[in-house]
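Notes for the structure review
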Amino acid sequence: MSKKTTVLLLNLGTPKSPNVSDVRTYLFEFLNDRRVIDIPWLLRKILVNLIIVPFRAKGSSKIYQQLWTKDGSPLMIYGEKVKNLLQQELDENFKVELAMRYQEPSMKRVLEKIRLDMPDKLIILPMYPQYASSTTGSTFEKAMEIIRSWEVIPEIKLINQFFDHEGYLNTIVDNANKHDLNEFDHFIFSYHGLPLRQVNKVHPNKNCKDCDCDKQFRPDTDYFCYRATCYETSKLLAEKLNIPKEKYTVAFQSRLDKNWLEPFSDKIVIEQAQKGAKKLMVFSPAFVADCLETTIEIGMEYGELFEENGGKELVLVESLNDHPKWIATLKDLVINYNPKPLK
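All chains use their own residue numbering, which begins from 1 and follows the written sequence. Local features in this predicted model are restricted to residues whose pLDDT is 70 or higher, and side-chain atom pairs enter the listing and the counts only when it is 80 or higher, whereas totals over whole chains, interfaces and linings include all residues. In computing side-chain values, all of the structure's heavy atoms are included and hydrogens and water are not.

Turning next to the pattern of salt bridges. Just to be clear on terms, a salt bridge is a Lys or Arg side-chain nitrogen sitting within 4 Å of an Asp or Glu carboxyl oxygen. In total, this model carries 26 salt bridges according to the counting rule given. The shortest N-O distance in the salt bridge between D214 and R227 comes to 3.9 Å. Linking D214 in the loop between α7 (196-200) and α8 (219-222) with R227 in helix α9 (residues 226-241), this pair joins segments that are 13 residues apart in sequence. The cut-offs for exposure are 20% and 50% of the maximum accessible area for each residue type, with area from a 1.4 Å probe on protein chains only; residues under the lower value are buried, those over the upper are exposed, and the others partly exposed. A residue is classified by how much of its surface remains accessible, and R227, at 10% relative accessible area, is buried. One salt-bridge network, held together by shared partners, links K3, K121 and E155. Only DSSP runs of H or I reaching four residues or more are called helices, and only runs of E reaching two or more are called strands; each is numbered from the N terminus.

The following block contains the structure:
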């Protein structure tokens, strides 16, 4: 008798629309997550509900209006496409569902649908290549919070990261090779930033600023260090693309203050332009679908920064989106995933 397996794909989330009210609702839910802003409860409530959201909702709404297409949010559009394409690749014993950590389709609603379907096995696959407490960790915590009340809890498989999966890397390589790499003066691998305190929690006996994981990846101690896996992802991609070390920089975007992971992507963009670089390629390996942080922040805002400081063209390598190799990667993760043994 074959086992019935449900695959739950998860991504961060998106407002229902670019309207101020919907953006405000999204920001309230997102920023009130204790893993996203990891400060004492009362301080977080005051900071998020009385300061950040009231003052940012209107400005964020304008940015989302730039991102929105006639079919809606790119994150949701690609999420549905990937869900349907993966379903086509798996046999009849698998059922693929899609949910978002914040907003719709909500984890609560989709997991209730799964509960009623009573699968024998549930595979939870957050689509974040590099593990971080504020993304993958938060997603797993929310899922377990919901599932723990079920009368029947199926076998559960958690896929926590896939930054070194050949299919994931080769999809990015394919997208980069749509361009002539010889034309570019420099390459930036830009990842979403994190507060240093969050990274330090992964290895409490070692301060991130004193760590050399940017130079050497040690699986036994660095496997869940976000900074370390970002540098390792970049190294693996650079090797596949034959980009020498001196021609690329690993950087971090979307910072809220100076106590976040460095170097900062926007500063590197300016620095490269001022050094005389005329053509710059930027990768966004932390994102599997084009979104606000890729299309707007990198593609538009960083492009303007580059030109304002003397550069001519900044090229954003598109995200994995619905690339066939990305679908094949997800299929392989679902069927064959086993975390690498720590050496």
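Once that is clear, we can look at the packing of helix α4 (residues 107-117) against helix α5 (residues 133-147). Angles here are taken between N-to-C directions and fall from 0 to 180 degrees, while the axes themselves are lines fitted to C-alpha atoms, restricted in helices to the stretch in contact. At their nearest, the axes of α4 and α5 sit 10 Å apart, and the two run at 50° to each other. One finds that α4 runs oblique with respect to α5. Crossing angle aside, the handedness with which α4 passes α5 is right-handed. On α5, the residues that touch M107, K108 and L111 of α4 are T139, K142, A143, I146 and I147. Ten residues, namely Ala, Val, Leu, Ile, Met, Phe, Trp, Tyr, Cys and Pro, are considered nonpolar, four, namely Asp, Glu, Lys and Arg, are considered charged, and the remaining ones, Gly among them, are considered polar. Of the residues belonging to the contact of α4 with α5, the class tally is five nonpolar, one polar and two charged. Any angle between 65 and 115 degrees counts as roughly perpendicular, while under 35 counts as roughly parallel, over 145 as roughly antiparallel, and the rest as oblique. Should the near helix be turned anticlockwise from the far one by less than a right angle, the crossing is termed left-handed; should it be turned clockwise, right-handed. We call two residues in contact when some of their heavy atoms are within 4.5 Å.

With that out of the way, let us pick up the sheet that holds strand β1 (residues 5-13). Criterion used throughout: strands pair if DSSP finds at least two bridges between them. One open sheet accounts for four strands, arranged β2-β1-β3-β4; its pairing is parallel. What marks the edges here is a single partner per strand, and that holds for β2 (94-102) and β4 (155-158). Direction aside, the axes of adjacent strands within the sheet are offset by 20° on average. As paired elements, strand β3 (residues 121-126) and β4 share four bridges and run parallel to each other.

What follows concerns the nonpolar core. To qualify as a nonpolar core, a set must consist of buried Ala, Val, Leu, Ile, Met, Phe, Trp, Tyr and Cys residues joined through side-chain atoms within 4.5 Å. Among the nonpolar cores identified, the biggest contains 65 residues, and V7, L9, L125, Y226 and F283 are the most heavily contacted of them. Excluding residues that lie within four positions of it along the chain, L125 makes contacts with L8, L9, L10, I159, F162, L330, L333 and V334. V23, F30, L31 and I37 belong to the second largest nonpolar core, which has 17 residues in total.

Looking along a regular strand, one sees side chains alternate from face to face of the sheet. Burial analysis of strand β6 (residues 248-253) places six of its six residues in the buried class, the great majority of the element. Burial of β6 is two-sided: the residues Y248, V250 and F252 facing one way and the residues T249, A251 and Q253 facing the other way are all buried. Pairing geometry for strand β5 (residues 186-192) and β6, over six bridges, is parallel. Its bridge partner being in β6, F187 is matched across the sheet by Y248.

Okay, the sheet that holds strand β7 (residues 279-283) next. On the basis of which strands lie adjacent, the open sheet formed by four strands has the order β6-β5-β7-β8 and parallel pairing. Whereas interior strands pair on both sides, the edge strands pair on one side only; in this sheet they are β6 and β8 (313-316). For this sheet the average axis-to-axis angle between neighbouring strands, irrespective of direction, equals 25°. Of the pairings in the sheet, the one linking β5 to β7 comprises four bridges and is parallel in character. Its bridge partner lying in β7, H186 is registered against L280. The strands touched by helix α11 (residues 292-308) are β5, β6, β7 and β8; relative to β8, the strand with the most contacts, the crossing angle is about 165°.

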